[in-house]
Amino acid sequence: MTTLSRGRQRLAQQVIDQLRAQIETGKLRVGDQLPTEPQLEATFGVSRTVVREAIADLRSAGFVKPIQGKGVFVADPKAHSMLSLTPVEIKSIPETLELLEFRMAAEGEAAAIAAYRRTAEQEAAIREANRRMANLIETGQQTVEADYAFHMAIAAATNNRFYVAVLRQFGPKAIPRGQFPTLPEANDRDYLQKVYAEHVEILSAIADQDPERARQAMRAHMLASQRRYRMLAEQQ
């Protein structure tokens, strides 16, 4: 699973880079419709999961927008950024990237440690936090607190008070979308389902007591966030 997770991240980045290049060079213009998912799969030689992950990231950065019943179309990322981000949010991007970089190192190891130290009760707490997030997504409610609770439950499962203390110091602001409320992804169900699926991979590795899988699943989760916010930074 570790190899698959890292491989999917690399393939998604390749799809993102190539589609961005086509948009930025004018091969794909604003208003053009992207090829269908099966066509993109065939063009890039990747799975549907990889295609959907790449499109989700391009969408969150404003490069494309879906129109229900019609498909996915090229958007103007500069217009997206200007309309979506407040000055405070724009200034928050560098700090967000720094925080994600730190969290990748700290929480990657926390997930690995939790995989071999967690008690049955602590595993249940992680599972319950993720279940609560799934329910909030389903009912269209805010998920930042539940997302934070999931990561806090993993920190607690290390049975090392310093992991808990560090994450507690950041509080819910550790969850980037909480700092960018005007971004479409903050309340986008498809995006939140993707985050939830990443959590499921982390939980599965911890439940199976597989430290390396847990570490890589957490790193992949953080890398996906980094990728999205780097694209936002490039648009400013």
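Residues numbered from 1 in each chain as written. Predicted model: local features only at pLDDT ≥ 70, side-chain atom pairs only at ≥ 80, totals over all residues. Heavy atoms only, no water.

Identification of the chain as FadR family transcriptional regulator from Rhizobium leguminosarum is taken from an unreviewed UniProt entry.

### Quick look at the pattern of salt bridges
Evaluated as defined, the whole model comprises 16 salt bridges. Arg-48 is the partner of Glu-37 in a salt bridge, and the nearest nitrogen-oxygen pair spans 3.5 Å. Of this pair, Glu-37 sits in helix H2 (residues 37–44) while Arg-48 is found in helix H3 (residues 48–60), placing the two residues 11 residues apart along the sequence. Judged by relative accessible area, Arg-48 falls into the partly exposed class, the value being 34%. (Salt bridge = Lys/Arg side-chain N within 4 Å of Asp/Glu carboxyl O. Helix = DSSP H or I, 4+ residues; strand = E, 2+ residues; numbered from the N terminus. Buried < 20%, exposed > 50% of the residue type's maximum accessible area, 1.4 Å probe, protein only.)

### Some details on the side chain of Thr-96
Structurally, Thr-96 is set in helix H5 (residues 87–117). In terms of polar contacts, Thr-96 uses its side chain to reach the backbone carbonyl oxygen of Ser-92, at 2.9 Å. Discounting residues that sit within four places of it in the chain, Thr-96 has contacts with Pro-176, Phe-180 and Tyr-229. (Polar contact = N/O pair within 3.5 Å; in protein donor to acceptor, adjacent residues only side chain to side chain. Contact = heavy atoms within 4.5 Å.)

### A closer look at empty space enclosed by the protein
Across all of its chains, the model carries 3 cavities of 30 Å³ or more by this definition. Quantified by volume, the largest cavity comes out at close to 110 Å³. Taken together, 14 residues line the largest cavity, and the ones lying closest to its centre are Asp-147, Pro-176, Arg-177, His-221 and Ser-225. Taken together, the elements giving at least two residues each to the lining of the largest cavity come down to H5, helix H7 (144–156), helix H9 (189–207) and helix H10 (211–234). Considering every element that reaches the lining of the largest cavity, the biggest residue donor is H10, with 4 residues. Broken down by class, the residue content of the lining of the largest cavity amounts to 6 nonpolar, 3 polar and 5 charged. (1 Å grid on protein atoms, 1.4 Å probe; cavity = no way out; pocket = protein on both sides within 12 Å on 5 of 7 lines; lining within 4 Å. Points joined across faces, edges and corners; volume = space filled by probe spheres on them. Nonpolar A, V, L, I, M, F, W, Y, C, P; charged D, E, K, R; others polar.)

### So, the nonpolar core
If you look at the biggest cluster of nonpolar residues, it comprises 25 residues, and the most contacted ones within it are Ile-126, Phe-150, Ile-154, Ile-202, Ile-206 and Tyr-229. Contributions of two or more residues to this core are made by H5, helix H6 (120–139), H7, H9 and H10. Of all the elements, H5 adds the most residues to this core, at 7 residues. In this structure, Val-50, Ala-54, Leu-58 and Phe-63 belong to the second largest nonpolar core, which totals 20 residues. (Core = buried A, V, L, I, M, F, W, Y, C linked by side-chain atoms within 4.5 Å.)

### Observations regarding the pairing of strand S2 (residues 71–74)
Two strands pair when backbone bridges link them, and strand S1 (residues 64–67) and S2 are joined in this way by 4 bridges, in the antiparallel orientation. When the bridges of S2 are listed, Ile-67 appears paired with Gly-71. Linking S1 to S2, which pair antiparallel, is a turn of 3 residues; within it Gly-69 sits at a positive phi near 80°. (Pairing = 2+ DSSP bridges.)

### Details of the domain arrangement of the chain
Here the chain is partitioned into domain 1 (1–74) and domain 2 (93–234). Between the C-alpha centres of domain 1 and domain 2 the distance comes to 24 Å. Taken together, the contacts link 18 residues of domain 1 with 17 residues of domain 2. Here domain 1 meets domain 2 over a buried area of about 1,600 Å², counting both sides, of which 51% is carbon and sulfur. Taken together, the links from domain 1 to domain 2 amount to 1 salt bridge. Taking the shortest distance from any N to any O, the salt bridge between Arg-227 and Glu-53 comes out at 3.2 Å. Our count for the contact surface shared by domain 1 and domain 2 stands at 1 residue pair in polar contact (both at pLDDT 80 or more). Mapped by element, the contributors of at least two residues to the side of domain 1 that touches domain 2 are helix H1 (2–24) and H3. Looking at the side of domain 1 that touches domain 2, its residues break down into 7 nonpolar, 5 polar and 6 charged. (Domains from an automatic or database assignment. Buried area = accessible area lost by both parts, 1.4 Å probe.)

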